[in-house]
Structures are given as C-alpha cells and as structure tokens.
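# Architecture and fold: a report
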Amino acid sequence: MRLVFAGTPVVALPALDAIAASQHELVAVVTRPDAPAGRGRQLVPSPVSAWASERGIPVLTPAKPRDPEFQEQLRALEPDCAPVVAYGALVPRSALDIPRHGWVNLHFSLLPAWRGAAPVQHAVLHGDEVTGASVFLLEEGLDTGPVYGTLTEPVGPRDTSGDLLERLAKSGAELLVQVLDGIGAGALSAVPQPHEGVTTAPKLTVEDAQVRWGDPAFAVDRRVRACTPAPGAWTTFRGERLKLGPVTPLTAATVIAGGPASPGPGQIAVERNRVLVGTGTVPVVLGTVTAPGKKAMPADAWARGARVESGELVS
C-alpha cells in the first residue's frame, strides 16, 4: 500500500523503521510544525521530521490537519492508508476520509482502557500489572474507533513510564506493520470496542507530578515512576523545587520496632548511605535528586552537599 505516516515524537520512530523495512511504500510523513527548544528557543524539527528529511521523504507540517491546503496535498499523494503514532493533533472527518483505508492508529493501551494522551503514564500511576498496545481505525472521537489488533505487555514493579513506553514502541511497531499487511491483503476487519471498561488518560501536568507525601508509600512510588521521565516528579525543599528520580519503598519488615522513629509524612531521615522520606505508611528511599541548576545525583551525595539534617521537611 501507499502510506502517509503521521507522528511527531521519538516514540514514533520504531514504527517508521518497521514501515520502511516492510513491503509498503512510504510516500510522505505528516508531523507537527517545528517547535522552539533549548535555551535559545530556536525552532527545531520534530524527530519524525528529522527522520524523514534524512531519507529524502517529503514532510508535511500543517498547523492544523483541517487546513484545506494540507488536505489537497494529502489527496494528491493518493495514500491507501495513513498509519499514526503519537501525532498530537485531532484529525477532522474531511481528512480521515482521504486515504482509502483511513487512518490507522497505534495506541499504547488495551482499548477501551486509557483512552487519551498519556496511557502509559496512567497505567503506571494506577498500578496496572498488565497493559499493551492497540491498533485501531481512527475516528473523530477520542480513541473510540474499532480495533484491528492488540498485544499485551506486563508492567514491572520498577518500570517507569519511559521504560514501558520504550518496550511498547518496539513491539507496537511490529503489530502496526502486521495490521497494515492484513489491511492491504483484505484479510483483516476491525472489531468495535466494548462499551464497558472505558477509562481516560489525560496528559499529566506539572501539578500532577508533585509528590504527595501523605499518600501511602506504594502511591508515592507509582507517581514518581509514572512521571519519569516526563513531566518529572518533584517536591519542594527549603523553598526550592527538587526533581526526584524513582524511589524505593521500604517493606514493613524493614521498619524495625525499637529502632529510630519512622519519619512522618514529608520528613527526611539522613542515614550514612541513604536518605529516607516519610509517607502515609512506610518511608521511601530517595534515588536521584536534581537541585535547581545542578545535575542529577544520588540522594546521599545531594544530602551531604546541601548539609541536609534529619527532621527537615519536603512538601
């Protein structure tokens, strides 16, 4: 089939690599316009744009997919199908109808669970033990279209959203090509999503990433892992924001009766080779800490440099 691929961030690149190695013809990519980045805020092309430009593949960067000029360009390419991975813009009906087989989206959840922009982050945040990926026919609704195929992926107890997304991007790329093969051969039909089990996964904000130290340790752990690497879990200490890497909850058995008093929620306990913070249940051991203007460092090195004393608070 003649394909026009739509995607923007790095997570879309495994799918592009898989399509480039497939029997299909990639005639163009659609991606978000160049965006300011870095200290100089210079315009930088998206990872998908850079990938295509390096290979001499035409790049379309409409401000919005409803732009008539873009839709004329898309129509002129005569695509059979438009595979999509993390494009980042809503596609109107007038554009959805242009490819003969529509727009086919790789989404990183087992639909209808976690419809929305951040399915992997929400799977980690809510403690899912299994997640996966779905390839479905794009509709105007939010991830509501009928599904062509799925795969499952276990969520490890120490997985960050970055770890999980990296694995799903690779396995999902293979699933996407298998679906495209089936569509091209006329051997695959999409199945409507069930009405039960619908959950939504809106983008996690910076406010969502602030650690709630009064939560149980398992919830603190999940929040930090869900927000790693983005938007980045954080807390405040001495009036400044600290970015936190994944933490490790202590088990109840390691909080020894008769030993030092367990720190209260948000209270720091500095030990020789580690730094603890109290939660609503057992303490957690801090991993890496990034102070303003500094590089990430182990929590014990941060505590020594900042001369942190036991009993100080984070919030």
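Before reading further, recall that the structure is shown in the block above.
A brief report on the enclosed structure follows. Positions within a chain are numbered from 1, following the residues in the order the chain's sequence is written. Residues qualify for local features only when their pLDDT is at least 70, as the model is predicted, and side-chain atom pairs are given and counted only at 80 or more; totals for whole chains, interfaces and linings, by contrast, use all residues. Values shown for side chains rest on all heavy atoms present in the structure; no hydrogens or waters enter the calculation.

## Observations concerning the packing of helix 1 (residues 13–20) against helix 2 (residues 47–54)
What counts here: Convention adopted: a line fitted to C-alpha atoms gives each axis, helices being fitted over their contacting stretch, and angles between N-to-C directions are expressed from 0 to 180 degrees. The numbering of helices and of strands both runs from the N terminus, where a helix is a DSSP run of H or I of at least 4 residues and a strand a run of E of at least 2. Under this scheme an angle from 65 to 115 degrees is roughly perpendicular, one under 35 degrees roughly parallel, and one over 145 degrees roughly antiparallel; angles in between are oblique. Handedness of a helix crossing follows the sense of rotation of the near helix relative to the far helix, less than a right angle counterclockwise being left-handed and clockwise being right-handed. Whether two residues are in contact is decided by their heavy atoms: any pair within 4.5 Å suffices. Throughout, the ten residues Ala, Val, Leu, Ile, Met, Phe, Trp, Tyr, Cys and Pro are labelled nonpolar, Asp, Glu, Lys and Arg are labelled charged, and all others, Gly among them, are labelled polar.
Two numbers describe how helix 1 lies on helix 2: the axes approach to 10 Å, and their chain directions differ by 30 degrees. Here helix 1 lies roughly parallel to helix 2, going by the angle between them. In the crossing of helix 1 with helix 2, the sense of the turn from one axis to the other is right-handed. On helix 2, the residues touching L13, L16, D17 and A20 of helix 1 are P47, V48 and W51. When grouped by side-chain class, the residues that make up the contact of helix 1 with helix 2 number 6 nonpolar, no polar and 1 charged.

## Here's the deal with unusual backbone geometry
Here the amide bond leading from T228 into P229 is cis, since omega sits at 10 degrees, within 30 degrees of zero. Backbone torsion omega between A230 and P231 reads 5 degrees, so that peptide bond is classified as cis. Take P231: it is sitting in the loop between helix 7 (217–226) and strand 10 (234–237). Even without glycine at this site, W114 takes up a positive phi of about 55 degrees. Position of W114 among the secondary structure elements: in the loop between strand 7 (103–107) and helix 5 (119–125).

## Some points on the nonpolar core
Rule in force here: Think of a nonpolar core as a cluster: buried Ala, Val, Leu, Ile, Met, Phe, Trp, Tyr and Cys residues, connected wherever their side-chain atoms sit within 4.5 Å. For each residue, the accessible area found with a 1.4 Å probe, counting protein chains only, is set against the maximum for its type, and the residue is called buried under 20%, exposed over 50%, and partly exposed in between.
Membership of the largest hydrophobic core comes to 66 residues, with the highest contact counts inside it found for F5, L26, F108, W213 and W302. Tallying contributions element by element places helix 6 (residues 161–184) first for this core, with 10 residues. Beyond its immediate sequence surroundings of up to four residues, L26 is in contact with L3, F5, L16, I19, W51 and I57. With 21 residues, the next largest nonpolar core counts V27, Y87, I98 and W103 among its residues.

## Here's the deal with the packing of aromatic side chains
Defined as follows: Geometry of aromatic contacts follows a simple scheme: Phe, Tyr and Trp rings, the Trp one being its six-membered ring, pair when their centres are within 6.5 Å, and the pair is stacked under 30 degrees between planes, edge-to-face over 60, tilted otherwise. Counting as a charge over the ring demands two things of the Lys NZ or Arg CZ atom: a distance within 6 Å of the ring centre and an angle within 35 degrees of the ring normal.
One pass over the structure, following the stated rule, counts 1 aromatic pair. Ring plane angle 70 degrees and centroid distance 5.3 Å describe the contact between F237 and W302, whose orientation is recorded as edge-to-face. On the criterion of sequence distance, the pair formed by F237 in strand 10 and W302 in helix 8 (residues 299–306) is long-range, its members being 65 residues apart. The ring centre of W234 lies 3.7 Å from the NZ or CZ of R241, which sits over that ring.

## Brief notes about the pattern of salt bridges
When the charged atoms of two side chains with opposite charge come close together, those side chains can pair. What counts here: Throughout this description, the term salt bridge denotes a Lys or Arg side-chain nitrogen within 4 Å of a carboxyl oxygen of Asp or Glu.
All told, the structure shown has 14 salt bridges when counted by the stated rule. Its salt-bridge partner being D221, residue R158 comes within 3.1 Å of it at the nearest N-O pair. One end of the pair, R158, is in the loop between strand 9 (147–154) and helix 6; the other, D221, is in helix 7, and 63 residues separate them in sequence. Among the residues examined, R158 registers a relative accessible area of 40% and is labelled partly exposed. With its nearest N and O atoms 2.9 Å apart, the salt bridge here joins R238 to E312. Here E312 lies in the segment after helix 8 and R238 lies in the loop between strand 10 and strand 11 (240–244), a separation of 74 residues in the sequence. Members of the salt-bridge network, linked through shared partners, are R93, D97 and E140.

## Some words on the sheet that holds strand 16 (residues 288–290)
Definition in use: One requirement defines pairing of two strands: DSSP has to find at least two bridges between them.
The 4 strands lie next to each other as 10-11-16-17, forming an open sheet whose pairing is antiparallel. Single-partner strands in this sheet number two, and they are strand 10 and strand 17 (297–298). Looking at chain direction, strand 10 and strand 11 are connected through 4 bridges and run antiparallel. Among the inter-strand pairings, T236 is bridged to a residue of strand 11, identified as R241.

## Considering the environment of V179
Along the chain, V179 turns up in helix 6. According to the relative accessible area criterion, V179 is buried, its value standing at 2%. Between the alpha carbons of V179 and A190 there is a distance of 9.9 Å; along the sequence they are 11 residues apart. Apart from residues lying up to four places away in sequence, V179 is in contact with V104, V135, Y148, G149 and L188.

## A word on helix 7
When you tally the buried positions in helix 7, you get 8 out of 10 residues, the bulk of the element. Taken residue by residue, helix 7 has A217, A219, V220, D221, R223, V224, R225 and A226 as its buried positions. At its buried positions, helix 7 is contacted by helix 5, helix 6, strand 11, strand 12 (248–249) and strand 15 (284–285).

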